[in-house]
Amino acid sequence: MRIRSLPRLVLFWLLLALPIGLTALAAGTPATPGAPVEASRVLTARWLATQIHENGARESVAQLNRQQAWPHVIRAVSAGWDGWIELVPDLIASTDSAHASALQAALRRGLAHNPHAVLQVLDPGNGPVLGGGRICADAGMTRRWRASAIAGVRKVHDIHLNHQVEDCLTALHAPLTETADNGK
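Quantities reported herein were computed from a predicted structural model and do not represent experimental measurements.

Once that is clear, we can look at the packing of helix 2 (residues 45–55) against helix 3 (residues 57–67). Put simply, helix 2 and helix 3 touch, their axes get as near as 7 Å, and they point 135° apart. With respect to helix 3, the element helix 2 is oriented oblique. Here helix 2 contributes Trp47, Leu48, Gln51, Ile52 and Asn55 to the contact with helix 3, which in turn contributes Ala57, Glu59, Ser60, Gln63, Leu64 and Gln67.

Here you go:
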């Protein structure tokens, strides 16, 4: 019986050796010549938060520009991911108007996914950049987004966010714009 199982064992080890060898090869492969080392890193909210803390928001924004990483940041904020949303105030204060507008729109989309996190970064004084009147305005959003955002904001019962909730609900209950009323 042992003789019959020997070929299976050899076959098993041969099949296992290929992925192990490829993994080892990839780990030892140097970065593409001419590509910055940072470009080979996976961008995470924790890493970006550390960069902001250590190098400042302006340098971190410049690095996002060099790495062409803004689409990743915008997608993460739009999806409502906590760690990314927390970084928006620092990023928005240190970037150009186009990226600031993209971050505002991403927060607006993220409101439906994670209202508590978005409300936490809003200006309690309802300021022009990160105020609830600006971020929570429908600005061409769908009825589904609006209904989801209203329901989500109403569920936030945090005494520290009362002003943001009030400003956001006021903006959400404002009349729909023509572009927002598309029936979706």
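Picking up where we left off.
Judged by nonpolar contacts, the single largest core of 46 residues is most densely connected at Leu48, Val73, Trp84, Leu91, Leu107, Leu111 and Leu172. For valine 73, the residues in contact, after removing those within four places along its chain, are Leu43, Leu48, Leu64, Trp84, Leu91 and Leu103.

Under the definition given, this model contains one disulfide. Through a disulfide, cysteine 136 is tied to cysteine 168; the S-S separation comes to 1.9 Å. In this structure the cystine formed by cysteine 136 and cysteine 168 twists about its S-S bond by roughly -100°; its chirality is therefore left-handed. Of this pair, cysteine 136 sits in the loop between helix 9 (132–135) and helix 10 (143–154) while cysteine 168 sits in helix 11 (residues 162–172), and the two are 32 residues apart along the sequence. Assessed through its relative accessible area of 0%, cysteine 136 is described here as buried. For cysteine 168, a relative accessible area of 0% corresponds to the buried category.

Along the chain, the position of serine 60 falls in helix 3. With a relative accessible area of 1%, serine 60 lands in the buried category. At 3.3 Å, the side chain of serine 60 and the backbone oxygen of glutamine 51 are in polar contact.

The end-to-end C-alpha separation of helix 7 (residues 97–111) is 21 Å, in line with the 21 Å expected for 15 residues at 1.5 Å each. Those residues of helix 7 that fall on the buried side of the exposure criterion are His99, Ala100, Leu103, Gln104, Ala106, Leu107, Arg108, Gly110 and Leu111. Structurally, the start of helix 7 carries an N-cap: the backbone nitrogen of alanine 98 is 3.2 Å from a side-chain oxygen of aspartate 96.

Along helix 2, the residues that are buried comprise Ala45, Trp47, Leu48, Gln51 and Ile52. Angularly, the buried residues of helix 2 cover 165° about the axis, an arc narrow enough to put them on a single face. Those residues of helix 2 that are exposed and aimed more than 90 degrees away from the buried face are Arg46, His53 and Glu54. Buried residues along helix 2 sit in contact with helix 3, helix 4 (70–78), helix 5 (82–85) and helix 6 (88–93). Two residues or fewer after helix 2 comes glycine 56, characterised by a positive phi angle close to 95°.

Take the side chain of glutamine 164 next. Mapped onto the elements of the fold, glutamine 164 is located in helix 11. According to the relative accessible area criterion, glutamine 164 is buried, its value standing at 4%. Among all residues touching glutamine 164, those that are not within four sequence positions of it are Leu119, Leu122, Asp123 and Pro124.

With that settled, the discussion passes to the environment of aspartate 158. Relative to the elements of secondary structure, aspartate 158 occurs in the loop between helix 10 and helix 11. For the pair aspartate 158 and histidine 116, spaced 42 residues apart in sequence, the C-alpha separation works out to 8.7 Å. Polar side-chain contacts of aspartate 158 include one of 3.3 Å to the side chain of histidine 116.

With that settled, consider the environment of alanine 69. Tracing the backbone through its elements, the reader meets alanine 69 in the loop between helix 3 and helix 4. Along the chain, alanine 69 and leucine 43 lie 26 residues apart, while their C-alpha atoms are 7.9 Å from each other. Not counting residues within four places of it along the chain, the set of residues in contact with alanine 69 comprises Leu43 and Leu64.

Scored by pLDDT, the protein chain has a mean of 83; 73% of the residues are at 70 or more. Scored below 50 in pLDDT, residues 179–184 makes 13 contacts in the model with residues more than four places away or belonging to other chains.

Quick notes on the rules
- Residues numbered from 1 in each chain as written.
- Predicted model: local features only at pLDDT ≥ 70, side-chain atom pairs only at ≥ 80, totals over all residues.
- Heavy atoms only, no water.
- Axes fitted to C-alpha atoms, helices over the stretch in contact; angles between N-to-C directions.
- Helix = DSSP H or I, 4+ residues; strand = E, 2+ residues; numbered from the N terminus.
- Parallel < 35°, antiparallel > 145°, perpendicular 65-115°, else oblique.
- Contact = heavy atoms within 4.5 Å.
- Core = buried A, V, L, I, M, F, W, Y, C linked by side-chain atoms within 4.5 Å.
- Buried < 20%, exposed > 50% of the residue type's maximum accessible area, 1.4 Å probe, protein only.
- Disulfide = S-S within 2.5 Å.
- Polar contact = N/O pair within 3.5 Å; in protein donor to acceptor, adjacent residues only side chain to side chain.
- Expected span 1.5 Å × (residues − 1).
- Arc of directions from axis to C-beta.
- pLDDT = per-residue confidence, 0-100.

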